[in-house]
Amino acid sequence: MLSQYIISQVVNGLCQGFIYALIALGFAVIVGIVGLATFTHGEIIMIGAYASYYIFLACGHNLILGLLASFSASWIVGIIIYKLCYERFLEAPEHISLICTIGFSMLLKNLAQIVFGAEKKPMLNVIENQIYKFGPVEISKVQFVIMGTVIVLSTTMMIIFNKTKWGIALRSVSQNREAAALVGINVKQTSMIGNCIGCAMAGVAGMLIGIYYQSISPTMGATLSMKAFSAATLGGLTSVPLSSLGGVVLGLIENLGISISTASFRDVFSFGFLIIMLIFKPTGFVKRKGARP
Amino acid sequence: MKKNFVKKVTAVLLAGTMVASLVACGSTSESGNSATETTAVVDGTSKGTIKLGLVAPLTGVHAEYGQGFQAATKIAADEINAAGGANGYQLEIEVKDSAADPKTSADIVTQFCEDKDIKAIIGDFTSSACMADAPIVDQYQTVLLSPTASNPDYAPMSEYCFSVMYNQSNMAPWVGKSVIGKYMGVKSVAVMYLNTDWGISTNEYLLKGLEEAGVEVLADETYEENETDFSSVIAKLKASNAEAVCILDQGNVPTIINQIKSSGWNPLLVTQGPGASQQLLNLCGENAEDLIITDSSYITEDNPATKDFYQKFYAINQCAPTDHSLCAYNTVQMLAKAIVSIGDGEVTRESIKDALKTTSYDGMAGTVQFDENGGGVRQFLILGVEDGKYVVKEDYGFE
């Protein structure tokens, strides 16, 4: 009985971790790969979730259409954020654009409350509630979808950023804009597309989170984005797969901690682990200090 | 030439004002004749305006309730003003957003208290915010009438603190003893409650009721207000093998119910806190089936008593009102009744407080009055969800 309980808490931890990983993916792309500071990530998640919500309302529970809607809506918001918060401040100190994104995040959150309404919206039964049993392990269909998405997206991102010419160009922009411009890279456009990719990842995460928790609200991204930030920090802020790993580890630690205490201490376990980890290994899971991929 | 023009304009304006005054006097007496059922008393002339402050979470996680307060208090004030005002005084409500943050709420209440025109304050939504406001209204000797604060420690904090929401020391033991123990007839229960002043005190009183009824509590788990993933708490409750789960929360109840059902567990479910809201049914769909819910009102469009309020509220907020909004409506009506009972006396912050103590209001959902501390006293219903709709299982007075 006890082992069954521990197994279920490990599965819950893994699923929670994959949710964090899903958000951390986009965060790692924007902060780590493109080299931009952002505090709008939680709101992009919300925009992605609402885009898919309205598509599901209009066209029925079509996952592909929902995915396209959340991807493109958050991509567009990514362009707006880049134009407003980054483009004019590329040469300015980083905290200028950081503060811009804080302001923009407040604007988005409050606009969403006005436009979409402050109340939660239901996102019921988009993916059938089916539970698979593997011995003592029980996993639902939606949990499978989330785990699969995280694995596919982080692998794809890793290949794009490490193996393709465009990915390498993007990384070079984040390392040295002037040098990148000198070798013929369109710095502004490359940064913008990188930011949009990160935002689109968050948008897709928003849709999946909405499906998993079966409801969405204008404030849904706030808490999750803090955890994603922690997960990306654990991943050294520069690596997409390691940021995902950071998310999974955080989720596991939180849920195992809750199983021996109460859910009120959730943040104590996750942020406590982050602090201890950074004290003893400031680079997170990354091997080299200050390494850029 | 210019002088003549000014004279003409002045004459026309004066004539216009006189005609407007006559029309206004006529309409006031007319509405006064038909306003025998309302709290408004019309003496033919307007004595001026009484300003009330409303502090409510218009943004943040409780925004839907704060916006409900705003709409409901406006409806009540409009009705009273249209019927001639409260004892001839027109009511005006100044609204400020606290985001349910106790510190912001305390700042706003201080601003209201500093404004001598404001005679009483309505709000806030959470007990935590109201308890932060209590020392301030006590210092400034201004009434703070909360629509929803139900922590029993709140109203006794000051003679100026009132609440129209029932007190958890009355309702929660009743839920434990009469609803879970007697109506549901279960032998064991697992409880999950919100880690706030409201949640902690409700849980304490619930446990007393459960103990009285002889119901075994196999798990008693708490969580934070901004929690989104309840799977680890649910796994704990599931491992306890309890017959029923009792959820003490407001906004998180639909998420918790959905996550319990998604985990493949199907216990009996009972909740105290969210009220019989359409929003809960929308968010849970089939998952809400057979849920037992306790409330002190049941507001629908079909109920003749609540139809008018429902329609007016829906026109403003595009969603159905909950008991919280009805309570906000009641606060304005009760303040108006208190002002009426002051009669010819001067309407001051002090006289409103004295009058409010003995005020009772017979509204859409029965009689509302205050206990000796200023806490709300109301009656309760047991409702169940059947085929996606609320059904009254036990009427007022079930013990």
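What counts and what doesn't
Residues numbered from 1 in each chain as written. Chains lettered and ligands numbered in written order. Predicted model: local features only at pLDDT ≥ 70, side-chain atom pairs only at ≥ 80, totals over all residues. Heavy atoms only, no water. Helix = DSSP H or I, 4+ residues; strand = E, 2+ residues; numbered from the N terminus. Buried < 20%, exposed > 50% of the residue type's maximum accessible area, 1.4 Å probe, protein only. Contact = heavy atoms within 4.5 Å. Buried area = accessible area lost by both parts, 1.4 Å probe. Salt bridge = Lys/Arg side-chain N within 4 Å of Asp/Glu carboxyl O. Polar contact = N/O pair within 3.5 Å; in protein donor to acceptor, adjacent residues only side chain to side chain. Nonpolar A, V, L, I, M, F, W, Y, C, P; charged D, E, K, R; others polar. Core = buried A, V, L, I, M, F, W, Y, C linked by side-chain atoms within 4.5 Å. Domains from an automatic or database assignment.

Residue Gly123 of chain B is joined to Asp124 of chain B through a cis peptide bond whose omega torsion reads -5°. Inspection of the secondary structure puts Asp124 of chain B in the loop between β3 (118-123) and α4 (127-140). We note that Asn125 of chain A has phi near 50°; this positive angle belongs to a residue other than glycine. Relative to the elements of secondary structure, Asn125 of chain A occurs in the loop between β1 (121-122) and β2 (131-134). One non-glycine residue, Gln214 of chain A, adopts positive backbone phi at about 65°. Among the secondary structure elements, Gln214 of chain A is positioned in the loop between α8 (187-213) and β4 (215-216). By relative accessible area, Gln214 of chain A is classed as buried at 9%.

Residue and element names in this part refer to chain A. Position of Val187 among the secondary structure elements: in helix α8. Relative accessible area serves as the criterion here: at 12%, Val187 is assigned to the buried category. Linking Val187 and Ala169, residues 18 residues apart in sequence, is a C-alpha distance of 9.0 Å. Sequence-distant contacts of Val187, defined by excluding residues within four places in its chain, comprise Val173, Arg177, Ala180 and Ala181.

Note: interface size is frequently given as the accessible area lost on complex formation between the parts. Counting residues at the interface gives 32 residues for chain A and 39 residues for chain B. Roughly 2,600 Å² is buried in total at the junction of chain A and chain B, and carbon and sulfur atoms are behind 48% of that figure. Interface area lost by chain A to chain B is led by Lys120, Tyr213 and Ser264 of chain A, which between them contribute 20%. Inspection of the chain A/chain B interface yields two salt bridges. The residue Arg266 of chain A makes a salt bridge to Glu227 of chain B at a minimum N-O spacing of 2.8 Å. Taken together, the connections running from chain A to chain B amount to 15 residue pairs in polar contact (both at pLDDT 80 or more). Counting residues per element, the ones that place at least two in the side of chain A that touches chain B are α1 (2-34), α4 (94-115), β1, α8, α9 (221-234) and α10 (240-260) of chain A. Examining the composition of the side of chain A that touches chain B, we find that five residues originate from one element, α1 of chain A, more than from any other. Of the residues belonging to the side of chain A that touches chain B, the class tally is eleven nonpolar, 16 polar and five charged.

Turning our eyes to something else, we now look at the nonpolar core. Membership of the largest hydrophobic core comes to 72 residues, with the highest contact counts inside it found for Leu91, Ile180, Leu206, Phe309 and Leu356 of chain B. Among the elements that take part in this core, helix α11 (residues 323-342) of chain B stands out by supplying eleven residues, more than any other. Domain assignment of the residues forming this core places at least three in each of domain 1 (48-166 + 301-377) and domain 2 (169-295) of chain B. With near-sequence residues (within four places) excluded, Leu91 of chain B lies in contact with Ile50, Ala77, Ile80, Asn81, Ala86, Val332, Ala336 and Ile339 of chain B. By size, the runner-up hydrophobic cluster in this structure holds 71 residues, among which are Val29, Ile81, Cys85 and Val240 of chain A.

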